[in-house]
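Structural overview for review
In case you want the letters, here they are:
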2 protein chains.
Amino acid sequence: MAKVNGHLAQMHESYLFSEVAKRAAAFSAECPERRLLRLGVGDVTRPVAPCCVEAMKRAADEMGGAATFRGYPPGTGEPFLKRAILLAEYAPLGVLLDESEIFVSDGAKTDAGALQELFAQDAAAAVCDPVYPVYLDANRMAGRRVVRMNCRAERGFCPEPPEERVDFLYLCSPNNPTGAALTRAQLARLVAWARENDAAILYDAAYRDYVVDGDCPRSVFEIDGAKEVAVELCSFSKGAGFTGLRCAWTAIPRENRWRLGELWARRQAAKFNGVSYPVQRAAEAALSAEGLRHMEESVRFYLENAAILRRALESAGIACFGGANAPYLWARCPEGMRSWDWFDALLRGAGVVCTPGAGFGACGEGYVRFSAFVSRGDTEEAAGKIARSAH
Amino acid sequence: MAKVNGHLAQMHESYLFSEVAKRAAAFSAECPERRLLRLGVGDVTRPVAPCCVEAMKRAADEMGGAATFRGYPPGTGEPFLKRAILLAEYAPLGVLLDESEIFVSDGAKTDAGALQELFAQDAAAAVCDPVYPVYLDANRMAGRRVVRMNCRAERGFCPEPPEERVDFLYLCSPNNPTGAALTRAQLARLVAWARENDAAILYDAAYRDYVVDGDCPRSVFEIDGAKEVAVELCSFSKGAGFTGLRCAWTAIPRENRWRLGELWARRQAAKFNGVSYPVQRAAEAALSAEGLRHMEESVRFYLENAAILRRALESAGIACFGGANAPYLWARCPEGMRSWDWFDALLRGAGVVCTPGAGFGACGEGYVRFSAFVSRGDTEEAAGKIARSAH
């Protein structure tokens with residue numbers, strides 16, 4: 001028999017969000033008259049900016065013209081998009097990078113899954129617990145040792161660096177699933193630890209657009225010395241609403257100690273062919289003045305949803321975290337309930353879909369995640385129903 | 001120090017096509033007045049069909065409307081696109097598959113790079129020599145043992161199955177770079193070998209649209225028993241001209257002996273987030289009656305280019321292969337020249353960019369690849385200049 005990847009074959013049958021979708025679908029089949037309030041998967045619901053639509057349509061027209069047609073996009077991204085990223089996303093933070101340090105891709109999840117390939121098979125990784133599954137799953141599939149960094153409410157869900165030796169660690173801020181954003185001091189401490197311990201940081205900043213607290217950095221590169229050890233993953237998904245369009249970038253500064261930028265360039269050249277040209281034009285438009293205004297409106301809207309949910313839940317005596325600098329609310333299950341039990345109770349009792357915290361790791365047990373990426377009406381309806389169901 | 005992936009770090013500094021581009025750019029910088037005829041990288045030049053442009057624009061409009069906005073696409077592809085693939089690409093060949101056996105992605109290169117993850121670290125792979133680099137590079141990066149299957153002119157560049165045990169092998173037909181298409185008998189023999197030797201076949205059919213010879217299958221699943229052992233990679237790049245739009249699919253039948261479809265589904269769910277919705281709408285349109293007519297015209301046009309090149313080169317005494325069922329011509333270097341030497345001579349003497357055969361493997365030494373993906377004018381000019389330079 002051909003030898004298949006045993007690590008992959010032994011992984012849980014279903015990916016967390018597939019399981020959530022399956023249970024929701026089963027309930028809908030049972031009770032087709034019940035409308036579900038979907039606060040489970042973290043998918044945006046507001047349309048993309050008109051300027052993005054127009055940019056994409058213009059680019060589509062170009063692809064249909066003999067004189068304007070474009071073939072393979074540059075493997076690491078179109079220069080026009082890289083420039084827009086440098087100017088709109090880094091310059092305002094006082095972070096100087098150049099085009100060669102930006103790698104455009106089809107998704108931060110794709111990059112989060114692939115970046116582990118830059119490390120040795122016997123390197124050790126550290127992930128937070130609770131954790132967004134891709135970091136863990138990608139390393140498990142590769143048969144790599146993964147250490148957990150526990151994140152507890154009493155420390156504001158800031159991870160404690162691992163005691164044992166690791167080669168790289170994943171951080172995510174603002175955090176999915178806890179909604180906690182690292183403060184400047186917390187992040188500086190983690191960067192210092194990585195520098196001292198010669199470990200790389202893979203910093204997932206997919207939710208950076210939600211940071212409103214001036215004490216929380218939007219980019220890891222705002223921290224002195226981070227350029228030497230950190231790689232940053234960013235996305236157009238959650239701010240500009242590109243989950244259905246697919247565009248993201250990873251930034252790897254030239255100062256990186258292990259020359260991860262060169263390794264990533266080689267990996268991408270060999271295994272990737274770039275991002276759809278019209279999508280890159282839409283992403284460029286998302287960083288225009290009009291696009292950024294639209295993004296701010298969306299972010300404000302979702303953060304208001306989170307605030308509405310949080311107020312309702314706290315009034316009902318449910319302990320809540322996050323939601324201030326993130327579109328996620330991390331809520332403690334009532335009366336010592338377990339995550340999947342509260343998930344089922346909310347689904348069947350309130351018609352609300354959430355994501356069970358236990359699906360993100362052992363430290364997530366006893367919590368669920370609510371996404372604020374829904375309409376105002378659904379937010380208010382869900383807030384009321386969840387609060388009532390807690391009594 | 002963090003342990004980086006030594007296999008990756010030791011790989012050649014530059015990817016083949018990057019090196020080709022670099023030398024061409026260096027020459028252009030030296031002689032800016034010389035216009036280069038670019039028959040190097042296999043990138044299409046004809047625009048996509050008007051129906052694809054319109055489909056993409058309609059989809060872009062949907063993304064801008066509150067009622068029609070779509071978030072994350074289904075991870076394995078939109079059902080509408082899967083149905084179009086089944087009906088337009090498989091049904092006419094008498095191949096029955098269903099939606100669950102089709103996995104839409106952003107590129108056949110992405111899939112070719114990732115499918116090796118389904119096999120064990122100590123599994124062995126076999127690749128043709130010469131070979132399109134991604135199969136080899138992806139396995140090298142993973143530190144996996146790779147066996148070469150020599151492909152020689154005297155056997156029509158059909159690979160000889162390896163003598164030693166391998167767990168999976170890559171086939172590509174019509175072939176990149178040799179332009180050879182496997183006949184039904186040749187492919188049946190390879191499938192039979194894989195079945196007997198319990199080895200999986202990763203079958204790259206990215207150039208299937210170029211098959212005009214009725215004796216050459218377009219899909220590996222036209223061969224009896226292939227569903228049990230083969231995985232097929234297909235693309236919208238070369239037929240529909242989607243190199244800049246990015247869409248492809250991989251088909252893994254349920255009958256697969258090692259349940260590779262289930263493993264791939266799990267891998268994709270964990271590490272990928274689907275293909276841009278407007279791109280999938282464009283791909284659907286590419287498989288409409290109008291889209292297919294446009295594709296046939298493009299294919300005919302490029303094949304005529306290949307025929308023009310081939311006639312000119314053969315008249316000049318250059319031995320040529322391929323070009324009949326493929327957009328590539330595989331030409332033997334004159335008088336025992338080496339690949340990179342003829343590459344440099346053609347670049348500097350004729351202003352023609354090709355791809356040196358040696359870049360595809362040891363058996364490619366003494367050959368170069370010409371791409372027919374250029375305008376008629378460039379084809380004719382290049383044909384004349386290459387032929388003259390051979391004298």
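Use the structure listed above.
Right, let's walk through the structure included here. (Residues numbered from 1 in each chain as written. Chains lettered and ligands numbered in written order. Predicted model: local features only at pLDDT ≥ 70, side-chain atom pairs only at ≥ 80, totals over all residues. Heavy atoms only, no water.)

**Here's the deal with the interface of chain B and chain A**
Much of the literature gives interface size as the accessible area that the parts lose upon coming together. Which entries qualify depends on this criterion: Here a residue-residue contact requires only that any non-hydrogen atoms of the pair lie within 4.5 Å. The quantity reported as buried area is the accessible area (1.4 Å probe) lost by two parts once they are put together, taken as the sum for both. Salt-bridge detection follows one rule: a side-chain nitrogen of Lys or Arg within 4 Å of a carboxyl oxygen of Asp or Glu. Pairing of N or O atoms within 3.5 Å defines a polar contact, subject to two protein rules: one partner must be a possible hydrogen donor and the other a possible acceptor, and residues neighboring in sequence count only if both atoms are side-chain atoms. Only DSSP runs of H or I covering at least 4 residues are called helices, and only runs of E covering at least 2 are called strands; the numbering of each starts at the N terminus. For this scheme, ten residues count as nonpolar: Ala, Val, Leu, Ile, Met, Phe, Trp, Tyr, Cys and Pro. Four count as charged, namely Asp, Glu, Lys and Arg, and the remainder, Gly too, count as polar.
Contacts between the two partners involve 75 residues from chain B, matched on the other side by 75 residues from chain A. Both faces combined, the contact of chain B with chain A buries some 6200 Å², and carbon together with sulfur accounts for 59% of it. For chain B, the biggest contributors to the area lost against chain A are Tyr72(B), Arg266(B) and Lys271(B); these three give 12% of the whole. The salt bridge involving Asp61(A) is made with Lys57(B); its shortest N-O contact spans 2.9 Å. Between the two partners, chain B and chain A, sit 38 residue pairs in polar contact (both at pLDDT 80 or more). Elements that contribute at least two residues to the side of chain B that touches chain A include exactly helix 1 (6-9), helix 3 (50-63), helix 5 (108-114), helix 6 (133-141), helix 9 (260-271) and helix 10 (277-286) of chain B. Residues belonging to the side of chain B that touches chain A are distributed by class as follows: 37 nonpolar, 17 polar and 21 charged.

**With respect to the relation of the copies chain B and chain A**
Put simply, the rule reads: Superposing copies: least-squares fit, C-alpha atoms only, residues required to have pLDDT of at least 70 in both.
At an RMSD of 0.0 Å, chain B and chain A line up after a rotation of 180 degrees and a shift of 0.0 Å along the axis. Within this description, the copies of the chain are treated as partners about a two-fold rotation axis. For chain B, the minimum C-alpha distance to the rotation axis belongs to Lys57(B) and amounts to 2.5 Å. Take the interface residues of chain B: 100% of them recur as interface residues in chain A, which is what a same-surface contact looks like.

**Topic: the pattern of salt bridges**
As a reminder of what qualifies: Only protein chains enter the accessibility calculation, which uses a 1.4 Å probe; a residue whose area is less than 20% of its type maximum is buried, one above 50% is exposed, and one in between is partly exposed.
Throughout the structure, instances matching the rule amount to 66 salt bridges over all chains. A salt bridge links Glu160(A) to Arg155(A); the shortest N-O distance between them is 3.0 Å. Accessibility expressed as a relative area gives 35% for Glu160(A), which makes it partly exposed. With relative accessibility at 32%, the residue Arg155(A) sits in the partly exposed group. The shortest N-O distance in the salt bridge between Arg70(B) and Glu78(B) comes to 3.7 Å.

**Some thoughts on the state of the cysteines**
Residue and element names in this part refer to chain B. What counts is decided by this rule: Count a disulfide wherever a pair of cysteine sulfur atoms falls within 2.5 Å.
Taken as a whole, this structure holds zero disulfides over all chains when the rule is applied. Cysteine Cys247 is unpaired, with the sulfur of Cys52 as its nearest cysteine sulfur at 10 Å. Free cysteine: Cys354, not disulfide-bonded; nearest cysteine sulfur from Cys333 at 7.8 Å. Judged by relative accessible area, which is 0%, Cys354 ranks as buried.

**Details of helix 12 (residues 339-350) of chain B**
What counts is decided by this rule: A helix is expected to span 1.5 Å multiplied by its residue count minus one.
Taking 1.5 Å of rise per residue, the 12 residues of helix 12 of chain B would be expected to cover 16 Å, and the 15 Å separating its terminal C-alpha atoms lies within 8% of that figure. Once helix 12 of chain B finishes, Gly351(B) follows within two positions and takes phi at roughly 70 degrees, a positive value.

**Structural notes on the packing of helix 4 (residues 79-90) of chain A against helix 10 (residues 277-286) of chain A**
Residues and elements named next belong to chain A. Rules: Only C-alpha atoms enter the line fits that serve as axes; for helices the fit covers just the stretch in contact. Angles between N-to-C directions range over 0 to 180 degrees. Here the word oblique covers every angle except those under 35 degrees (roughly parallel), over 145 (roughly antiparallel) and from 65 to 115 (roughly perpendicular). Crossings are classed by handedness, with left-handed meaning an anticlockwise turn of the near helix from the far one by less than a right angle and right-handed meaning a clockwise turn.
Two elements in contact, helix 4 and helix 10, have axes separated by 9 Å at closest approach and are oriented at 25 degrees. Overall, the two elements helix 4 and helix 10 adopt an arrangement that is roughly parallel. Considering the relative orientation of helix 4 and helix 10, their crossing is left-handed. Of the residues in helix 10, those in contact with Phe80, Leu81 and Ala84 of helix 4 are Tyr277, Gln280, Arg281, Ala283 and Glu284. The residue makeup of the contact of helix 4 with helix 10, split by class, is five nonpolar, one polar and two charged.

**Observations concerning the pairing of strand 7 (residues 230-235) of chain B**
All names here are of chain B. As a reminder of what qualifies: At least two DSSP bridges between two strands are needed for those strands to be called paired.
Within strand 7, six of the six residues are buried, which leaves it mostly tucked inside the rest of the structure. What you see with strand 7 is no split at all: Ala230, Glu232 and Cys234 on one side and Val231, Leu233 and Ser235 on the other are buried throughout. As paired elements, strand 6 (residues 200-204) and strand 7 share four bridges and run parallel to each other. Opposite Leu202, over in strand 7, you have Val231 as the bridge partner.

All quantities given are derived from atomic positions and should not be read as evidence of function.
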